[in-house]
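One letter stands for each residue in the lines below.
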Amino acid sequence: MRRVAVGAVLGMLTVVIPFSAAAAPADPAPPLAAYRVAGLDNSAARTAVANQGVEVLAGGRDYLEVRATPAQADRLRAGGLRLDPLPATAPLPVPVAPGQFPIGYQGYHTYRQLTAELDSLSAAHPNQVAVSSYGKSVQGRPLLLVKISDDVRVDNHEPEVLFSCAQHAREHITVEMCMHIVRRLAQGYGTDPAITRLLKSREIWVMPMANPDGAEYDISTGLFAMWRKNRQPTPENREVGIDLNRNWGDEWGCCDGSSSNPASDTYHGPAPFSAPETAQLRDWVNSRVIGGVQQITAHIDFHSFSELVLWPYGFTSSDTGPGLNKSDADTFRKLGEQLAATNGYKPEQSSHLYINDGSIGDWMWAQHHIWSYTLEMYPTSLTQGGFYPPASVIDRETARNDAAVDLLLTYADCVPRITAAPCGRR
Ligand code: 0X9
Ligand code: ZN
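Taken together, His168 (ND1), Glu171 (OE), Glu171 (OE) and His303 (ND1) make up the protein donors of the zinc ion (ligand 2), found 2.0 to 2.3 Å from the metal. Mapped onto the sequence, the residues coordinating the zinc ion (ligand 2) show the spacing H-x2-E-x131-H. Placement of Glu171 in the loop between β9 (160–165) and α4 (172–188) and of His303 in strand β15 (residues 296–304) is noted, with a sequence separation of 132 residues between them. Taking relative accessible area as the criterion, His303 reaches 2% and is therefore assigned buried.

As structure tokens, this is what we get:
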């Protein structure tokens, strides 16, 4: 494996971008630099920047943070935009060993550490925590599934809630979020009355690492690879990886909210559900339809970074769309705003950030009418560590979402009651 340090300085980090030997390109990859693009005060402006092929890392009310080649940066400037380079503010992290998190990051879980901690949690709480898998990744890693309830052996038709994490490889803090949920709920059962009540009336599912191959690849050198996609080879074009959150089958590739270029970080794959990681997650969610009724009523897909609460649709800038009427949109907004009030994130419809098609949230709603939110965790900027905040923030930033998690669980019996709308399905 040949490694090319491109010297892309990203806030806290200098990033080393790896190339597999098989994929060694004739020309070195153009250097990427990080910028804050200012003055983007509407979704159309942000989507236009995203469609230049730059890597969108984060976004807010009137800006995006991107990585761009010099040519892309010149094009954006020529279009009248202001690009502020994001400065390097910290030295390169010190690696410990290939496949391990660097110094300062060891509170994060590798895949192996994740399975070990889940096993010990289920051994300590055998009635509350059951660990299984819903399939296998491209490279054969079991896709981990955790069930949490008052008695996990019984399927008793209570409202079910799903939390999924780390569809995107480098968003390691989301793995910690899912682990924190499992730990807090398991340990709180029988000791914390509110958690005990929730576990007695809900069945909770957690997928702590939806893209294990990508997450492991991201730390495979001992430094961070800034990897986002899965690790699925696309042999004919010598690229690797599908963006799982562009590979879902609702309005897949419809709307310039993803890329058909296998080299892109938002490559949507050759077909909907062409990634085994999305296909098997889909199959598992479909399997929760029992007696014609989808048991899962609410869902959070955790991402980082930007500190946002997002809801469907992502593929259209319209507030309504197929199967999503005005009343649904009001409910999404109301609960989204209440979730955001608990953690200080910014609430908005997903497409209002930028258009994205083929996302998990759009599919969950369109296919199953699951109230699906995307939470973009800490921080808000590359200058605070971007995808790689130090492990010292994990406890604070995962506990920051406790109230949001509990609120979603609380409303899971009837989310529309938040707007006094009827509960039943249309
Ligand atoms: O673009 C994405 O996939 C997510 N942001 S990230 O920076 N983590 O890549 C946001 C997707 C939100 N989509 C919907 N909720 N529809
Ligand atoms: Zn993400």
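From this point, things continue past the structure.
This paragraph deals with the sheet that holds strand β6 (residues 82–85). The 4 strands lie next to each other as β4-β5-β3-β6, forming an open sheet whose pairing is antiparallel. Each edge of the open sheet is held by one strand with a lone partner, namely β4 (55–60) and β6. Neighbour-to-neighbour, the strand axes of the sheet open up by a mean angle of 30°, direction not taken into account. As paired elements, β4 and strand β5 (residues 63–68) share 5 bridges and run antiparallel to each other. Opposite Gly59, over in β5, you have Leu64 as the bridge partner. Together, β4 and β5 form the strand contacts of helix α1 (residues 43–50), whose direction differs from that of β5 by roughly 5°. Docked against the sheet, helix α2 (residues 70–78) engages β3 (33–38), β5 and β6, running at close to 145° with respect to β5.

On inspection of all chains with the given rule, the structure shows 24 salt bridges. Close ionic contact of Arg141 with Asp213 constitutes a salt bridge, the shortest N to O distance being 2.8 Å. Taken together, the positions of Arg141 in the loop between β7 (129–136) and β8 (142–148) and Asp213 in helix α6 (residues 212–218) put the pair 72 residues apart, joining distant regions of the chain. Its relative accessible area of 1% is what places Asp213 among the buried residues. A single salt-bridge network, built from bridges that share partners, covers Glu55, Arg67, Arg170 and Asp265.

What follows covers the state of the cysteines. Under the definition given, this model contains 3 disulfides. Two residues share a disulfide in this structure: Cys254 and Cys255, whose sulfurs sit 2.1 Å from each other. Here Cys254 and Cys255 share a disulfide; its torsion about the S-S bond, -105°, makes the bridge left-handed. In this structure Cys254 comes out as partly exposed when scored by relative accessible area, which is 32%. Linked covalently through their sulfurs, Cys414 and Cys423 form a disulfide whose S-S length is 2.0 Å. Across the S-S bond of Cys414 and Cys423 the torsion is about -90°, and the bridge reads as left-handed.

So, on to helix α5 (residues 193–201). Taken residue by residue, α5 has Ile195, Thr196, Leu198 and Leu199 as its buried positions. Angular distribution of buried residues about the axis of α5 spans 165°; they occupy a single face of the element. In α5, the exposed residues that point more than 90 degrees away from the buried face are Pro193 and Arg197. On the buried face of α5, the contacting elements are β8, α4, β10 (203–207) and α12 (402–411). The N-terminus of α5 is capped by Asp192, whose side-chain oxygen sits 2.9 Å from the backbone nitrogen of Ala194.

What follows concerns the environment of Val96. Take Val96: it is sitting in the loop between β6 and α3 (111–124). For the pair formed by Val96 and Leu223, sequence separation is 127 residues and the distance between their alpha carbons is 8.7 Å. Excluding anything up to four places from it in sequence, Val96 contacts Phe101, Pro102, Ile103 and Gln106.

This paragraph deals with the site of ligand 1. Of all residues adjacent to ligand 1, which total 16 residues, the nearest are Arg228, Arg246, Asn356, Ser359 and Glu376. Measuring from an oxygen atom of ligand 1, one finds a side-chain N or O atom of His168 at 3.4 Å. With respect to ligand 1, the side chain of Arg246 contributes an N or O atom lying 2.8 Å from an oxygen atom. Among the elements of the structure, β15 and β18 (371–377) are those that each provide at least two residues to the shell around ligand 1.

Conventions adopted
- Residues numbered from 1 in each chain as written.
- Chains lettered and ligands numbered in written order.
- Predicted model: local features only at pLDDT ≥ 70, side-chain atom pairs only at ≥ 80, totals over all residues.
- Heavy atoms only, no water.
- Donors = N, O, S within 2.8 Å, 3.2 Å for Na, K, Ca; no water.
- Helix = DSSP H or I, 4+ residues; strand = E, 2+ residues; numbered from the N terminus.
- Buried < 20%, exposed > 50% of the residue type's maximum accessible area, 1.4 Å probe, protein only.
- Pairing = 2+ DSSP bridges.
- Axes fitted to C-alpha atoms, helices over the stretch in contact; angles between N-to-C directions.
- Contact = heavy atoms within 4.5 Å.
- Salt bridge = Lys/Arg side-chain N within 4 Å of Asp/Glu carboxyl O.
- Disulfide = S-S within 2.5 Å.
- Arc of directions from axis to C-beta.
- Polar contact = N/O pair within 3.5 Å; in protein donor to acceptor, adjacent residues only side chain to side chain.
- Near = heavy atom within 4 Å.

Remember, this is a structural readout, not a statement about activity or role.
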